[in-house]
Amino acid sequence: MQNIDAQTVFYGLIGHPVGHSRSPLLQNELIRQFGLNAAYMAMNVESGGLKDFVQGMHKAHAGGFNVTVPYKKDVIEELVSIDEAAQMLGAVNTLKYTDKGWAGYNTDLPGFRRALAYDGVSLKGKNVVLLGAGGAAMAVLAGIFQEGAARVLAANRTEEKAAELIGRFEHPGCMTETAVMDGKYLAKRMGELSAEPWTAVQCTSVGMLPHTEEAPVTEPEFYLRLETAYDIIFNPARTKFMRLAAEAGAKDFNGLRMLVFQGIRSFEIWHNVKVTDEQALEVLKLAEESFRA
Ligand code: ATR
């Protein structure tokens, strides 16, 4: 950590709880790499305290904040502007100081797209099966549409939520269908829709530590249809979903690059810089180590 002095600009994470966040580690590493006079800390803002905190921090000229659960929607009331991704998703995860007030951004969506590019995964013209329809699935689905997927089969335990999610976005040129989370049905429907291989993006919370032996779908015939399997979970580093996909011959990826690249995008917005893949690699290594420890 660099020396903190009277010129140091304050950045942070707002959420509840924030105790396990890797953002301070990653943001302070970037601050160090770029030689900035800034510091980043996690702020556990209690329920009901968001407005006072955000308004007070503007008066104190803090540089910016990441925003996480449960404040990504509520914080929108405190903004003077909102970027296109945040507007589209109805969720803000980044605030940047401006003279007039806080500007709001969503970096989950560009973070997901940069992670895909970094991993060499193209969704253009591809068949994509999306598992899950919660908050995390929303940014991912917007990204899948923007990448130009040809077909999206959106599966969720509660199918209506998948239909609601699909209905939020315009998706010209992309065929969509919803399904209930049933491996046998999904495998059959995927085969009927296209003989080409599929990319699956796993956006449910199933398989997260400590439930490492669970996967939202377990049927081998589902995994045999995949060429690529993306899990947004990053702890454990290899989920059961990823292991099943790999056993069936698909390439598997966890959500760590998504996590890291959304933070990197926030950093780029705050400091008006571009973080190269080489610089990102250092941050990724640190993130990986922090989960191994
Ligand atoms: P997040 O913000 O992490 O996406 P969320 O909005 O609560 O969290 O969404 C959790 C997702 O995991 C949902 O798609 C949820 O399915 P339902 O919409 O049917 O609740 C899915 N999920 C959670 N537990 C699950 C389980 N045991 N089996 C299948 N899906 C599950």
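Position numbers for residues start from 1 in each chain and track the written sequence from start to end. In keeping with the model being predicted, local features are shown solely for residues with a pLDDT of at least 70 and side-chain atom pairs are shown and tallied solely at 80 or more, while totals for entire chains, interfaces and linings include all residues. Side-chain metrics rest on all non-hydrogen atoms present in the structure, leaving aside hydrogens and water.

**Student:** Honestly, the site of the ligand in this entry has me stumped. Any pointers?
**Tutor:** Any residue with a non-hydrogen atom lying within 4 Å of a molecule or strand is treated as near it. All residues in the neighbourhood of the ligand are listed as Gly-132, Ala-133, Gly-134, Gly-135, Ala-136, Asn-156, Arg-157, Thr-158, Lys-161, Thr-204, Ser-205 and Val-206. Counted as a polar contact is a pair of N or O atoms within 3.5 Å, where, for protein atoms, one must be capable of donating a hydrogen and the other of accepting one, and residues adjacent in sequence contribute only when both atoms are in side chains. A distance of 2.8 Å is found between an oxygen atom of the ligand and a side-chain nitrogen or oxygen belonging to Lys-161. One nitrogen or oxygen atom from the main chain of Ser-205 is found 3.4 Å from an oxygen atom belonging to the ligand. If the ligand stood free it would expose 640 Å²; the protein chains cover 65% of that surface. Cavities and pockets were defined on a 1 Å grid built from protein atoms only: a cavity is a group of points that admits a 1.4 Å probe but offers it no way out, a pocket is an open group of points flanked by protein on both sides within 12 Å along at least five of seven lines, and a lining residue is one with an atom within 4 Å of any such point. To be counted as sitting in a cavity or pocket, a molecule needs more than half of its atoms within 2 Å of that site's grid points. Comparing atom positions with the cavity grids shows the ligand to sit within the second largest pocket. Split into classes, the residues belonging to the shell around the ligand amount to three nonpolar, seven polar and two charged. Note on areas: Shrake-Rupley with a 1.4 Å probe; residue coverage comes only from the protein chains shown. All residues other than Ala, Val, Leu, Ile, Met, Phe, Trp, Tyr, Cys, Pro, Asp, Glu, Lys and Arg, Gly among them, are scored as polar; the first ten of these are nonpolar and the last four charged.

**Student:** Help me understand the sheet that holds strand β12 (residues 251–253), please; the structure alone is not making it clear to me.
**Tutor:** Paired through backbone hydrogen bonds, the strands of a sheet run either parallel or antiparallel to each other. Whether two strands pair comes down to DSSP finding at least two bridges between them. Each helix is a run of DSSP H or I of at least 4 residues and each strand a run of E of at least 2, with the numbering of both proceeding from the N terminus. Pairing is parallel across the open sheet formed by six strands, whose spatial order is β9-β8-β7-β10-β11-β12. Of all strands in the sheet, those bounded by a partner on one side alone are β9 (175–180) and β12. Direction aside, the axes of adjacent strands within the sheet are offset by 15 degrees on average. Across five bridges, the pairing between strand β7 (residues 127–131) and strand β8 (residues 151–156) is parallel. Lines fitted to C-alpha atoms define the axes, with helix axes restricted to the stretch in contact, and inter-axis angles between N-to-C directions lie between 0 and 180 degrees.

**Student:** How do you make sense of the sheet that holds strand β4 (residues 79–82) when you look at a structure like this?
**Tutor:** Read across the sheet, six strands follow the order β2-β1-β3-β5-β6-β4 without closing on themselves; strand pairing throughout is mixed. This sheet does not close on itself; its edge strands, each paired only once, are β2 (38–44) and β4. The sheet shows a mean angle of 25 degrees between the axes of neighbouring strands, taken without regard to direction. When strand β1 (residues 9–15) meets strand β3 (residues 64–67), the two strands line up parallel, connected through four bridges. Bridge pairing in β3 links Gly-12 to Phe-65. Every residue pair with non-hydrogen atoms within 4.5 Å of one another is taken to be in contact. Against the sheet, helix α10 (residues 256–271) contacts β1, β2, β3, β5 (94–98) and β6 (101–105), and its axis sits at roughly 5 degrees relative to β5.

**Student:** It is not clear to me how the side chain of Asp-231 should be interpreted in this structure. Could you clarify?
**Tutor:** Inspection of the secondary structure assignment puts Asp-231 in strand β11 (residues 226–231). Only protein chains enter the accessibility calculation, which uses a 1.4 Å probe; a residue is then buried when its area is under 20% of its type maximum, exposed when over 50%, and partly exposed in between. The sign given to each residue is positive for Lys and Arg and negative for Asp and Glu; His and the chain ends receive no count. The term salt bridge refers to a side-chain nitrogen of Lys or Arg lying within 4 Å of a carboxyl oxygen of Asp or Glu. Put simply, Asp-231 is tucked away with no salt bridge, and the nearest opposite charge, on Arg-243, sits 9.2 Å away. Within the structure, Asp-231 has its side chain in polar contact with the side chain of Gln-202 (distance 2.9 Å). Ignoring anything within four residues of it in the chain, the contact list for Asp-231 reads Gln-202, Thr-239, Phe-241, Met-242, Phe-253, Asn-254 and Gly-255.

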